[in-house]
Amino acid sequence: MTAHGARWSPVWVALSLLVLSALGIALGSAVGSTGFESWLAAVHDHTAWQIVWDIRLPRSVGACAAGALLGLAGALAQGLFRNPLADPYLLGSASGASLGVAVALTLFGGNPFATEFLVRLGLTGAAFVGAVLAVLLTLLLARGVQHTLRLLLAGVIVGVVLGALASLITLMRPDVLQGMQGFLLGSTSFINWNACVLMLSVLLVCVVIAFALSRVLDALSLGESTALSLGLPLGPVRVALVCVLALATGTAVAQTGLVAFVGLAAPHLVRSLVKTKHNWMVLLSALMGGVLLLSADLLARMLLSPQEMPVGVLTAVLGGGYLLWLMYRSQTTRAAP
Amino acid sequence: MNAPLMALRLRDVHVSLAGQEVLHGIDMSFVAGRWTSIVGPNGAGKSTLLKAMAGLLPVSGRIFLFDQALMAMDQKQRAQQLSWLGQNESASDDLRVWDVVMLGRMPHQDWLAAPSAHDHVVVETALQATQAWDWRERSIGQLSGGERQRVLLARAMAVQAQVMLMDEPLANLDPPHQVDWLEQVRCLTSQHTTVISVLHEVGMALHADDMVVMQAGHVVHQGACTDAATHRAVEAVFDKRIAIHSLDGQWVAVPKL
């Protein structure tokens, strides 16, 4: 047997990913412009403590949580649409969030890197509302969730139209361009503890619902008619899963902007390690997404230290490269079994 | 003499797809414990009829599954009594063969319950019957078309329903496994399971107990496979381009050149 035969048990993968997350968060608390000293000094130095506890830790925990939300959403999208290329932004939520941010920036000014509480709240709120409205618009255009292909097409249309509107706004108001750029590239730099708590709570809710409904995704992988013939309530479950998908994506996008590829790559990475049913798939994809975004965030902070680059740039380069490699590898293994 | 038990009864069933009526008033019954094959030219409505009987399509008219109205039945209860194997069912490549066949036990399981010992036995029996047991740990993407078809067949058998509907179950199967399938169907009907299958190969379809001949959305004939009237009806719907002959006690369809 080839590499496909030597599979890991899902439990081990889950444990390894948890350990990796913990390590990443610990490492994240030690990396920054003041370096490792802040960590050592944190016990007696108040400023150092603040740097570690109020800036670095929430950022790392938040990166992990946002990545987990995207990973979960990616696994749900790929299961729901039975398409390995589906990603969490599929239903138009990404363009909806950008439009929301563009509108908010135009109305209130400022940029997404601003630290003032109200501005931040306004922008994340606008991104979330934009994402959810875009998904609702997609559902409206597709006249419900029954028809998967129609849903996909409607998502593409909503994505293109809302994206164009957001571009139009930035064109008319060049002063919001920089702020928009920051959002579009994705960044973990302004996650605070409130955002962490919010994301972790949403994550918990989404994982529980997705886990409970996962057997429908298993059945759906045999086609819609077979799933129906097995007596499953396909309609209501699909609505619930689309809601979970929108909620998870909207929450992550609102806090970190458009982080590319995590939602697409996380389920693929999991599949390359284990072949499993969707109950493990959603759990492991969430963990994997967390580890991915956390490591990308660490790299983004370390590579050009003390400068940092937007984490979205890194996830795009790394995730894209990885998927290419995966594609190449699966082609060569299929050609020579 | 008692009237035979009817597994499925259709009364004036019309089905429309995309605004066009494709089944025009079907009236027929299927005797329980027998194997019926449905044949007819492309576009005759065979697959649509099978889907309608599986409760997968909106229909006008009435369908009864063992005297219960199919559309009014509880979905789970229906799924326990009626198993459906579709044409070109695409399975995602990543599920293990074992997990795919276990999906067939879903109608018998509670929502979050783990598979019971009985479920394991049933899945193993189904995998052994289709000779797919050796691949149980493989993912379905690693199998060839014919191997995959045998796994999907095991999935449909694992439901252990009283009525099995199969659309082109022989697709991709090589001749020895087609014969295996015939034997499995014989075994199922001997345990009083009703099997209804759409078959493209008339020669295979002639091995059934009964045959339904369809053309242009109508049932033009229903009768025993050994009946000469059935043979004439089959030849007629295929424009007399095939002829049915007897050979070594079996009926075969040969092209008429």
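Residues numbered from 1 in each chain as written. Chains lettered and ligands numbered in written order. Predicted model: local features only at pLDDT ≥ 70, side-chain atom pairs only at ≥ 80, totals over all residues.

Undergrad: Got a minute to help me understand the overall build of chain A in this structure?
TA: The secondary structure content of chain A amounts to 13 helices and 0 strands. From first element to last, N terminus to C terminus, chain A shows the α and β order α-α-α-α-α-α-α-α-α-α-α-α-α. For chain A, with 337 residues in total, the buried portion stands at 53%. Look at the contacts in chain A between residues 6 or more apart in sequence, and 80% of them connect residues 24 or more apart. (Helix = DSSP H or I, 4+ residues; strand = E, 2+ residues; numbered from the N terminus. Buried ≥ 20, exposed ≤ 12 C-beta atoms within 10 Å, placed from the backbone. Contact = placed C-beta atoms within 7 Å.)

Undergrad: Hey, could you run me through the overall build of chain B in this one?
TA: Across its full length, chain B carries 8 helices and 12 strands. What you see for chain B is a C-alpha radius of gyration of 18 Å, in line with the 18 Å of a compact globule of 257 residues. C-alpha extents for chain B along the principal axes are approximately 50 × 45 × 40 Å. Looking at chain B residue by residue over its 257 residues, the buried ones come to 42%. Here the contacts in chain B between residues at least 6 apart in sequence split such that 63% fall between residues at least 24 apart. (Rg over C-alpha atoms; globule rule 2.2 N^0.38 Å.)

Undergrad: Looking at this model, I keep getting lost on the interface of chain B and chain A. Mind explaining?
TA: Note: interface size is frequently given as the accessible area lost on complex formation between the parts. Each side of the interface is counted separately: chain B has 23 residues, and chain A has 19 residues. Counting only elements with at least two residues in the side of chain B that touches chain A, the list comes to α2 (75–81) and α3 (97–103) of chain B. For the side of chain B that touches chain A, the element with the most residues is α2(B), which contributes 4 residues.

Undergrad: It is not clear to me how the sheet that holds strand β3 (residues 35–39) of chain B should be interpreted in this structure. Could you clarify?
TA: Where strands meet in a sheet, backbone hydrogen bonds hold them as pairs that are either parallel or antiparallel. All names here are of chain B. Pairing is mixed across the open sheet formed by 6 strands, whose spatial order is β6-β7-β8-β3-β9-β10. Strands at the two margins of the open sheet, each flanked by one partner only, are β6 (82–85) and β10 (218–224). Each adjacent strand pair in this sheet contributes to an overall mean axis angle of 15°, direction not counted. Alignment of β6 against strand β7 (residues 163–167), held across 4 bridges, turns out to be parallel. Bridging across to β7, Leu85 finds its partner in Met166. Across the sheet, helix α6 (residues 175–190) is in contact with β3, β7 and β8 (194–198); its angle to β8 comes to roughly 145°. In the packing of helix α8 (residues 228–237) onto the sheet, the strands contacted are β3, β9 (210–215) and β10, and the crossing angle to β10 comes to about 150°. (Pairing = 2+ DSSP bridges. Axes fitted to C-alpha atoms, helices over the stretch in contact; angles between N-to-C directions.)

Undergrad: How should I be thinking about the confidence of the model for chain A in this particular structure?
TA: Interpretation of this model should avoid reading the predicted coordinates in detail wherever pLDDT is low. All names here are of chain A. Overall, the predicted model of chain A reaches an average pLDDT of 84, with 89% of residues at or above 70. When the elements of chain A are averaged for pLDDT, helix α2 (residues 37–41) gives the smallest value, 69, and helix α8 (residues 193–220) the largest, 93. The model gives residues 1–6 a pLDDT under 50, and that stretch makes 3 contacts with residues more than four places away or in other chains. (pLDDT = per-residue confidence, 0-100.)

Undergrad: Looking at this structure, I do not really get helix α1 (residues 10–28) of chain A. What am I missing?
TA: Along an α-helix, a turn takes 3.6 residues, which lines up residues three or four apart on a common side. Residue and element names in this part refer to chain A. Compared with an ideal rise of 1.5 Å per residue, which puts 19 residues at 27 Å, α1 spans 26 Å between its outermost C-alpha atoms and is within 8% of the ideal. Of the residues making up α1, those classed as buried are Val13, Leu17, Ser21, Gly24 and Gly28. All buried residues of α1 fall inside an arc of 75° around its axis, so they share one side. Of the exposed residues in α1, the ones pointing more than 90 degrees away from its buried face are Val11, Trp12, Leu15, Val19, Ala22 and Ala26. (Expected span 1.5 Å × (residues − 1). Arc of directions from axis to C-beta.)

Undergrad: What is the right way to read the sheet that holds strand β2 (residues 20–31) of chain B from this model?
TA: Residue and element names in this part refer to chain B. A sheet is described by the order of its strands in space; here 4 strands give the open sequence β2-β1-β4-β5, paired in antiparallel fashion. Edge strands, defined here as strands with exactly one partner in the open sheet, are β2 and β5 (68–69). The pairing of strand β1 (residues 6–17) with strand β4 (residues 60–65) spans 5 bridges and is classified as antiparallel. Within β4, the residue paired with Leu10 across the bridge is Ile63.

Undergrad: Would you take a moment to explain the environment of Pro310(A) for this structure?
TA: All names here are of chain A. Relative to the helices and strands, Pro310 resides in the loop between α12 (278–303) and α13 (311–335). C-beta crowding within 10 Å serves as the criterion here: with 20 such atoms nearby, Pro310 is assigned to the buried category. Placed 124 residues apart in sequence, Pro310 and Gly186 show a C-alpha to C-alpha distance of 6.2 Å. Those residues within four positions of Pro310 in sequence are excluded, and the remaining contacts are Gly182, Leu185, Gly186, Ser187 and Ala300.

Undergrad: Help me understand the environment of Pro176(B) in this model?
TA: Residue and element names in this part refer to chain B. Summarising the element assignment, Pro176 is placed in helix α6. A residue is classified by how many C-beta atoms lie within 10 Å of it, and Pro176, with 9 of them, is exposed. For Pro176 and Val97, which are 79 residues apart along the polypeptide, the C-alpha to C-alpha distance reads 21 Å.

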